[in-house]
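# Remarks on the overall topology
One-letter residues, chain by chain:
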Amino acid sequence: MKRVAVLTSGGDAPGMNAAIRAVVRTGVARGFEVFAVRGGYTGLIAGEFSSLGPRDVGGIIGRGGTVLGTTRCQQLKTDAGQAAAVEQMRAHDINGLIVIGGNGSQAGACALSRRGLRVVGIASTIDNDLVGTDIAIGATTALDVALEAIDRLRVTASSHKRVFLVEVMGRDSGHLALVAGIAGGAEAIVIPEIEFHPESIADEIRSAYERGKSHAIVVVAEGAKYNVEGLRHYFLEHSQRLGFELRVTTLGHIQRGGAPGVFDRMIATRLGAAAVEHLEQDLHGVLLGIIDGKVNSTALSTVVHTKKPLDTPLLDLASVLAK
Ligand code: F6P
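Here is a short report on the structure shown in this document. Note that the structure is predicted; figures quoted are calculated from it, not measured. (Residues numbered from 1 in each chain as written. Predicted model: local features only at pLDDT ≥ 70, side-chain atom pairs only at ≥ 80, totals over all residues. Heavy atoms only, no water.)

## Things to note about the environment of Leu-288
With respect to the helices and strands, Leu-288 occurs in strand β10 (residues 286–291). In this structure, the C-alpha to C-alpha distance between Leu-288 and Ala-274, residues 14 residues apart in sequence, is 7.8 Å. Excluding anything up to four places from it in sequence, Leu-288 contacts Val-120, Gly-121, Ile-122, Ala-123, Leu-271, Ala-274, Ala-275, His-278, Asn-296 and Ser-297. (Helix = DSSP H or I, 4+ residues; strand = E, 2+ residues; numbered from the N terminus. Contact = heavy atoms within 4.5 Å.)

Structure below.
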């Protein structure tokens, strides 16, 4: 009997459950015995495996979060933690591991793969900063949540002729902020990848009002050198001179908690099924993502050592559209 385990790790993302469901149902259909690891790598190191059947994953496709639970496991970064994880897999005679998660989780997957485990990663992070996928599970739903908030903020910003700084997640990457800014019609977008001084954002805001706008929305990535707190501080310090009224909203974890939309459910389902197929064909040490609409496999070692480049033409487009 082929025995595989599945875990979710790092920040939860809408669609993780759809991927778990696909792994279980495709796995069972192909003659695998599928095991849940609860609590991410922490559960793996502790050897917390439990059998999962098709009925156990009923009704989860539309639920946000992860029914398996997740952790940011520091122990897996250590030699002893990795050795314990490998030993637990061997002791339970489980031959394959599917890791659903983002950058840190795939770094763990890569380390375990180097230690001889058959590991397949599935790209899932709202940050959308993983190499090997155009879009990761969870990013689209998180963006929809951010857009709903931005649309509402624009309404009140317009009524009061105010400036709103809206902080979105993304850790040290600006992928989420860039798309939220463009799709949300922001007057300015602030991301970690581009060096800027707060005065240049003030210029953008001033010029938006001069062009007749009744509001200014600035979407700010949490990882930018000047995040909303930094910008707020600067703008308040120069408030007499700048003369605009400012409000700040930090969206935070609200972006992670949405129910997955159709796109996330579909890519999660396709990637979950593909992960099982890879293990069946003894293909491992890879991350599965979506490139040009198709399932794509990239070596975990490449994923871990490469930073996903920002879509530069999108950045140029953003500044044209803000006019
Ligand atoms: O990686 C996903 C993410 O939501 C980041 O955007 C954010 O910086 C981080 O996780 C927050 O982590 P935590 O949930 O551990 O506070």
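## Observations concerning the pattern of salt bridges
Per the counting criterion, the structure on display carries 16 salt bridges. With a closest N to O distance of 3.4 Å, Glu-277 and Arg-30 form a salt bridge. One end of the pair, Glu-277, is in helix α10 (residues 262–280); the other, Arg-30, is in the loop between α1 (16–29) and β2 (32–37), with 247 residues separating them in the sequence. Exposure remark for Glu-277: the relative accessible area of 29% places this residue in the partly exposed category. In the salt-bridge network here, residues are joined through shared partners; they are Lys-2, Arg-30, Glu-277 and Glu-280. (Salt bridge = Lys/Arg side-chain N within 4 Å of Asp/Glu carboxyl O. Buried < 20%, exposed > 50% of the residue type's maximum accessible area, 1.4 Å probe, protein only.)

## With respect to the packing of aromatic side chains
Here a ring pair, both rings aromatic, is described through the centre-centre distance and the interplanar angle of the planes. The full count for this structure, using the stated rule, is 3 aromatic pairs. When the ring of Tyr-234 is compared with that of Phe-235, the centres are 6.1 Å apart and the planes differ by 70°; the resulting orientation is edge-to-face. Here Tyr-234 falls in the buried class, since its relative accessible area comes to 12%. Taken together, a centroid distance of 5.5 Å and an interplanar angle of 90° make the contact between Phe-235 and Phe-244 edge-to-face. (Phe/Tyr/Trp six-rings, centres within 6.5 Å; stacked < 30°, edge-to-face > 60°.)

## Some remarks on the sheet that holds strand β7 (residues 188–190)
If you walk across this open sheet you meet the 4 strands as β7-β8-β6-β9, and the pairing is parallel. The open sheet has two free edges, formed respectively by β7 and β9 (246–250), since each of these has just one partner strand. For this sheet, the mean inter-axis angle between neighbouring strands, taken without regard to orientation, is 20°. Contacting β6 (163–168), β7 and β8 (216–221), helix α7 (residues 198–210) crosses the sheet at an angle of about 155° to β8. (Pairing = 2+ DSSP bridges. Axes fitted to C-alpha atoms, helices over the stretch in contact; angles between N-to-C directions.)

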